[in-house]
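Observations on the model geometry
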Amino acid sequence: MTSHDQLDRRDLVRRVPGPAERAPQRYARRRRAVTVTLAWATPVLLIVVWELAARFGTLDTRFFPAPSVIWQAGVQSIQDGAMTGAVVDTVRKLLIGYGIGAVAGVALGVLLGLSWIARAALEHTLVALYTLPKLALFPVFLLIFGLGSMPQIVLVAVSVFFIVVLASTTAVISVEQGYRDAAAVLGAKRTQLLRHVIIPAALPAIATAIRLTAGIAILVIVGIEMVSGDSGLGYLIFQRSQVFDPGTMYAGVIIAGLIGVAFTGLVSFAMKFAIPQQRPRLRRS
Amino acid sequence: MSDIMIKGTGVERTFVARGHTVHALGPVDLAVERGEFVAIVGPSGCGKSTLLRIVAGLAAPTAGELVIDRADPQAPLCSMVFQDYGIFPWKTVLANVRLPLDIAGVSRGRANEVARDWIDRAGVAGFESAYPATLSGGMRQRVALARAFVANPEVLLMDEPFAALDAQLRLVLQQELLRVWEAHRRTVLFVTHSIDEALLLADRVVVMSSRPGRILDDITVPFARPRTRSARSAAEFGALEDHIWRLLKGEVEEREHAHDVA
């Protein structure tokens, strides 16, 4: 054979295993390490650049205080209870409003999906109300529920409710007829059909709406706290910017972001557990 | 001697879609004896699935009537194996097979016991806690078979249960069905496109015309049971296959031309 001669020829294209094929496990480990490192490197680098720019006067610290200053202001506001109180207040309103909106939305949505009569009566009205800007309704809520946290909770609930109700209706309607038939031939009653087929089949689509609205709920609650009332994270952020305390203001913004990440993460995780076929398996079997 | 279980008289079904009326099925007269395995073959869209759905109670006939003489009004009447959608992605293998018993209100302990027994017989033992997404197509249809048998229904309806499987897997599953059914006889209506499959499995083959589906021929399959793959090599098998194909060929071609015009 003349294979050696051929290997030396420059016009030959060689297909050989690369690092990913030769040592797949080491390659995967390395790749994971690079992924994690880069994911952390970007924010850390940004903070370092910000800190340096603030210290050397490149940034106007009246508007952009150094991260170390923000950190101190944050620690201070947690110690004197201002931040802690605001966070507790915002999270309370968020959980109540979101909970009510999501639960009511799924319940009515499933009902609408099941009953064409309910759909005929309510669907178009709900769509019309859905397109109404919820913020425009806030003065109405103020009139009905007075001052305090109630109108804010209602606003969150309403913002979540309309999205969840319409998504749940669609989810239930689009459950494959084949799945319904398979249970129907077995003699499943309405409630059994709901439990064994409709709910689990519609759940992935409903879960998507529940996840999306978790983020929306945070936007709404922090936003409305800025323009109304005298408590919560949004109020704290806005009020500190008014009294020229940018350190605490930024700390509030960052904590609002962290709450958002934690809350949406928690909801996503819970949804994963709610869908049996996507549930992470903790135990080998 | 004859014990008619399912008797259809002038069964018809029409569908109305966007103002057009489509005459899908019939009139069909059909009698099925208790414990008989009847295969229904016919071209696509001939209403054979519709006939099955009428027996199952998922659709009603628009004319005629179909009477089912059930031996025990308390026992489950039908179960059905579908080409797909039959088993639920959100339930484990065990929960899927157990479902008919859950619906019938059997206690969990007893239901698990019976379900495991059938999982075993269908050859999926060891996969009880797996979700269908992790199973091969063949395994999924085994689960569907186990679920169809578990409730001990009087009538077993099968709507092209093996159509989505590859050719070799099909042979295996046909053998499995024969084995299980010959040990646990019950009335079966089996819809298929495959003439070969119908002859291998059934006591009788009902050949249907293209839409609106009517019965062209009703053939008694003479091969002895228990039946194996070797039935295929009998000279009579080839002759019957040829006979049915001649019947269907005209129907299929006619439909093709109808498509050309449409």
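1. A word on helix H3 (residues 24-55) of chain A
All names here are of chain A. The end-to-end C-alpha separation of H3 is 46 Å, in line with the 46 Å expected for 32 residues at 1.5 Å each. Largest kink in H3: about 25°, centred on Ala41, with the proline Pro43 one to four residues after it. Here H3 lies mainly on the outside; zero of its 32 residues are buried. Backbone geometry just after H3 places Gly57 at a positive phi near 80°.

2. As for the interface of chain B and chain A
Residue-level contacts link 21 residues of chain B with 19 residues of chain A. Those elements that place two or more of their residues in the side of chain B that touches chain A are strand E5 (78-81) and helix H2 (93-103) of chain B.

3. A short note on the sheet that holds strand E4 (residues 63-68) of chain B
Residue and element names in this part refer to chain B. Pairing within the open sheet is antiparallel, and its three strands lie in the order E2-E1-E4. Each end of this open sheet is capped by a strand with a single partner; those strands are strand E2 (20-33) and E4. On average, each strand axis in the sheet is tilted by 20° relative to the strand beside it, whichever way the strands run. Here five bridges tie strand E1 (residues 4-17) to E4, and the two strands are oriented antiparallel to one another.

4. Comments concerning unusual backbone geometry
Residues and elements named next belong to chain B. That bond from Arg211 to Pro212 is cis: its omega, -5°, falls within 30 degrees of zero. Residue placement: Pro212 occurs in the loop between strand E8 (204-208) and strand E9 (215-220). Positive phi, close to 45°, is recorded for Glu160, a residue that is not glycine. Locating Glu160 in the fold gives a position in the loop between strand E6 (155-159) and helix H5 (167-183).

5. What about the confidence of the model for chain B?
Here chain B averages 86 in pLDDT, and 97% of its residues register 70 or above. For this predicted complex, the interface confidence comes out at an ipTM of 0.75, alongside a pTM of 0.77.

6. Quick look at the sheet that holds E5 of chain B
Residue and element names in this part refer to chain B. The strand order across the open sheet built from six strands is E5-E6-E7-E3-E8-E9, with neighbouring strands paired in mixed fashion. Pairing within the sheet leaves two strands with one partner each, and these edge strands are E5 and E9. Along the sheet, successive strands turn relative to each other by an average axial angle of 15°, direction set aside. Relative to E8, strand E3 (residues 37-41) runs parallel, the two being bridged by four bridges.

7. Some points on the packing of helix H9 (residues 177-184) of chain A against helix H10 (residues 190-227) of chain A
All names here are of chain A. Relative orientation of the contacting elements H9 and H10 amounts to 165°, with a least axis distance of 10 Å. By the angle class used here, H9 and H10 are roughly antiparallel. Here H9 runs over H10; the crossing is right-handed. Here H9 contributes Tyr179, Arg180 and Ala183 to the contact with H10, which in turn contributes Leu193, His196, Val197 and Ala201. Classifying every residue of the contact of H9 with H10 by side-chain character gives five nonpolar, one polar and one charged.

8. Comments concerning the pairing of E8 of chain B
Residues and elements named next belong to chain B. Buried residues dominate E8, accounting for four of its five residues. Both E8 and E9 contribute to a ladder of five bridges, which runs antiparallel. Within E9, the position partnered with Arg204 by the bridge is Thr220. Hairpin remark: E8 followed by E9, antiparallel, with six residues in the connecting loop.

9. Describing the packing of helix H3 (residues 108-121) of chain B against helix H4 (residues 137-150) of chain B
Residue and element names in this part refer to chain B. Contact geometry of H3 with H4 gives a least axis separation of 9 Å together with a crossing angle of 135°. Accordingly, the angle class assigned to the pair H3 and H4 is oblique. You can see that H3 and H4 cross each other, and the crossing is right-handed. For the pair H3 and H4, the contacting residues are Val114, Ala115, Trp118 and Ile119 in the first and Ala146, Phe149 and Val150 in the second. Each residue belonging to the contact of H3 with H4 can be placed in one class, and the counts come to seven nonpolar, no polar and no charged.

Calculation rules
- Sequence order as written defines the numbering, with residues in each chain counted from 1.
- Note on labels: chains are lettered from A, ligands numbered from 1, in written order.
- Local features in this predicted model are restricted to residues of pLDDT 70 or higher, and side-chain atom pairs are both shown and tallied only at a pLDDT of 80 or more, whereas totals for entire chains, interfaces and linings draw on every residue.
- For helices the rule is a DSSP run of H or I covering at least 4 residues; for strands it is a run of E covering at least 2, with both sets numbered from the N terminus onward.
- Expected span of a helix: the number of residues minus one, times 1.5 Å.
- The angle between axes fitted to the seven residues ending at a residue and the seven residues starting there is what we call the bend at that residue.
- Burial in this document is a count-based property: other C-beta atoms within 10 Å of a residue's C-beta are tallied, and the residue is buried at 20 or more, exposed at 12 or fewer, or partly exposed in between, with C-beta positions derived from the backbone.
- A residue pair is marked as a contact if its C-beta atoms, positioned from the backbone, fall within 7 Å.
- Only strands that DSSP links by at least two bridges are regarded as paired with each other.
- Angular values range over 0 to 180 degrees, each being the angle between N-to-C directions of two axes fitted as lines to C-alpha atoms, with helices fitted over their stretch in contact.
- Confidence scores per residue from the predictor, reported as pLDDT, run from 0 to 100.
- To sort the angles, those under 35 degrees are grouped as roughly parallel, those over 145 as roughly antiparallel, those from 65 to 115 as roughly perpendicular, and the leftovers as oblique.
- Crossing handedness follows the turn of the near helix against the far one: under a right angle anticlockwise gives a left-handed crossing, and clockwise gives a right-handed one.
- By the convention adopted, Pro, Cys, Tyr, Trp, Phe, Met, Ile, Leu, Val and Ala count as nonpolar, Lys, Arg, Asp and Glu as charged, and the other residues, Gly among them, as polar.

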